[in-house]
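Architecture at a glance
Here is how the chains run, residue by residue.
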Amino acid sequence: MNILKLKGVTLLMALSIAIAGCSSKKSDTPTVLTIPVKIGVIAPLTGAEAAYGEAVKSVLDMAVEGINAQVAKSGGKIELVYEDGKCEEKSALAAAQKLVAKDAVKFIIGGICNIETIAAASFTEVNHVILVSPGSRSPRIGLAGDHVFRTIPSNEGGAKKLAGYVIDKKYTKVGIISEQDNDTVGARVAFEEHLRTANINAIAQNYASTEKDVKGHLLKLKNNKIEALLINPATAEKGDVILKQLKEINFKPQLLLAGALGHSNKVLGSQKEFVEGAITADMVTSDSFAKFAGEYQIKYGKSIDQETVGAAAYDALMILRDAIAKNGIDPDKVMAHLLTLKDYKGMTGTFGFDPNGEPTTVLGLYMIQEGKRVALGANNASPKVAP
């Protein structure tokens, strides 16, 4: 067991984890909440990344509506308190401080952007508040504290999956266009290192976050006759800019979409023709999520823009609901409970948490067809419609 993650757990709690280990195998059993609970949410509700916040808020509101209808007679009720993290450090920290000090929440879903989660964790951790991020993919999240969890995997795992695809397809001239950001470097390095296991050395072009025109970088990759290109931006919106500039210089190798770019319905839809045949890696969502997404479409009159983040937000809410129902509102007991989860059946598939609060989520490969993600079959064979 990782001492870093368990430093806040008492010996009694640690023993209870060992005794209750098998209970996690019944994690799909419906849990009735019998006490009212206030849960904070930190997400970018305004600003350039508001699409993420909108997706998370709509999913959580719909889920809570269903939960509260079910537990109306038991005395249990979930109240969500939203704060705008704006995808900014100062705003996310202020949001966490307000939720804990004024609203007295002990559990927070968020942040969505990496900077939001890291900033919020600097305050929630010292106050023993559980923080579960459904959107932050930075490798740094796993080191943010004992009480910090996430229901979306690190971007490093997806990068390795994409590198595996490159190796299987026997591409030899591989390029990378990557934003110079603390939270994208992990994916780039993981991609490069996995390629090197097959003696493939990628040509990387790194651009500053302030650069709006990256055509110079892209032309260098084009001149090197790149066969496959990893696009590794910090946000889907920045990835959209790269796609447009690739189109402007008439350069389309096999596209590999990293991170948020690969699961933005908005970008994939607007760039439908150009991204046809692109490959991305992400969580394998369950049949239950397909049903929920259909109900979401009926309720809101549109699809979930950030489907993966939406599914992860749903799971974050449900694991907190179940943990609180079984252990009460003591954050340390809830933390100990979450660390016992091994095969929780959620919207993002069956997963648990490792000692650092990282999800043990299964990743799959997807091909973009008609602006939609379609799951690739075994050995990257003919695509199958994703659930």
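Bear in mind that the values here come from a model prediction, so they are computed numbers and not experimental data. (Residues numbered from 1 in each chain as written. Predicted model: local features only at pLDDT ≥ 70, side-chain atom pairs only at ≥ 80, totals over all residues. Heavy atoms only, no water.)

**As for the environment of A260**
The test is simple: Comment: elements are numbered from the N terminus, with helices defined as DSSP H or I runs of at least four residues and strands as E runs of at least two. Contacts between residues were defined by any pair of non-hydrogen atoms, one from each residue, lying within 4.5 Å.
Within the fold, A260 resides in the loop between β9 (254–257) and α10 (265–270). Here the alpha-carbon distance between A260 and S136, two residues 124 residues apart in the chain, equals 9.8 Å. If near-sequence neighbours (up to four positions away) are discounted, A260 is found in contact with Y52, T235, A236 and Q306.

**As for the sheet that holds strand β5 (residues 148–150)**
How we decide: In short, DSSP must find at least two bridges between two strands for them to pair. Fitted lines through C-alpha atoms serve as axes, helices being fitted only where they are in contact, and the angles separating the N-to-C directions of these axes extend from 0 to 180 degrees.
With respect to topology, 5 strands assemble into an open sheet ordered β2-β1-β3-β4-β5, the strand pairing being parallel. The outermost strands of the open sheet, each flanked by one partner alone, are β2 (77–84) and β5. When the angles between neighbouring strand axes are averaged without regard to direction, this sheet yields 25°. Pairing geometry for strand β1 (residues 36–43) and strand β3 (residues 107–110), over 3 bridges, is parallel. Bridged to I42 within β3 is G110. Taken strand by strand, helix α3 (residues 50–70) contacts β1, β2 and β3, and its axis lies near 165° from that of β2.

**Focus on the confidence of the model for the protein**
As a reminder, the rule being used: pLDDT gives the predictor's per-residue confidence on a scale running from 0 to 100.
Looking at the protein, the pLDDT average stands at 88 and 89% of residues meet or exceed 70. Note that pLDDT drops below 50 for residues 1–30; the model gives that stretch 42 contacts with residues more than four away or on any other chain. Overall, residues 381–387 carries pLDDT values under 50, and its contacts beyond four positions in sequence, including any with other chains, amount to 20 contacts.

**Focus: the state of the cysteines**
Formally: The definition used for a disulfide is geometric: two cysteine sulfur atoms within 2.5 Å.
Under the definition given, this model contains 1 disulfide. The disulfide partner of C87 is C113, and the S-S distance across this bridge is 1.9 Å. Its S-S torsion of approximately -115° makes the covalent link between C87 and C113 left-handed. Taken together, the positions of C87 in the loop between β2 and α4 (89–101) and C113 in the loop between β3 and α5 (114–124) put the pair 26 residues apart, joining distant regions of the chain.

**Details of the nonpolar core**
One recurring pattern in soluble globular proteins is that nonpolar side chains are buried together. Selection rule: The nonpolar core is taken to be a set of buried Ala, Val, Leu, Ile, Met, Phe, Trp, Tyr and Cys residues, with the residues joined through side-chain atoms within 4.5 Å. Burial classes follow relative accessibility: with a 1.4 Å probe on protein chains only, a residue under 20% of its type's maximum area counts as buried, one over 50% as exposed, and anything between as partly exposed.
Within the largest apolar cluster, 77 residues are counted, with the highest numbers of intra-cluster contacts made by I231, L246 and L317. It is helix α12 (residues 307–327) that provides the largest number of residues to this core, a total of 12 residues. Counting residues in each nonpolar core, the second largest holds 22 residues, with Y171, V174, L230 and A258 among its members.

**A few points about the pattern of salt bridges**
For the record, the criterion: When a carboxyl oxygen of Asp or Glu is within 4 Å of a side-chain nitrogen of Lys or Arg, the pair counts as a salt bridge.
Taken as a whole and assessed by the stated rule, the structure comprises 16 salt bridges. Measuring nitrogen to oxygen at the nearest pair gives 2.2 Å for the salt bridge that ties E54 to K302. Here E54, found in helix α3, pairs with K302, found in the loop between α11 (287–300) and α12; they are 248 residues apart in sequence, far enough to count as distant. Under the relative-accessibility criterion, E54 is labelled partly exposed at 39%. E83 is the partner of K98 in a salt bridge, and the nearest nitrogen-oxygen pair spans 2.8 Å. Here K98 is found in helix α4, whereas its partner E83 is found in strand β2, with 15 residues between them in sequence. Three or more residues are tied together by salt bridges with common partners; here these are E83, K98 and D103.

**Details of the side chain of Q245**
For clarity, the threshold we go by: Under this definition, polar contacts are N or O atom pairs within 3.5 Å; protein pairs additionally need one hydrogen-donor-capable and one acceptor-capable atom, and for neighbouring residues in sequence, both atoms have to be side-chain atoms.
Its place among the elements puts Q245 in helix α9 (residues 236–248). Q245 gets classed as buried once you look at its relative accessible area, which sits at 7%. Engagement of the side chain of Q245 in a polar contact is seen with the backbone nitrogen of V214, the distance being 2.7 Å. Once you skip the residues sitting within four places of it in the chain, Q245 turns out to touch K212, D213, V214, K215 and L218.

**Observations concerning the packing of aromatic side chains**
Definition in use: Working definition: a ring pair exists when centres of Phe, Tyr or Trp rings (six-membered ring for Trp) sit within 6.5 Å. Plane angles under 30 degrees give stacked, over 60 give edge-to-face, the rest tilted.
For the structure shown, the criterion picks out 6 aromatic pairs. Taking the centre distance of 5.2 Å and the plane angle of 70° together, the rings of F149 and F353 count as edge-to-face. Taken together, the positions of F149 in strand β5 and F353 in the loop between β12 (349–351) and β13 (363–369) put the pair 204 residues apart, joining distant regions of the chain. In this pair, the class of F149 matches that of F353, namely buried.

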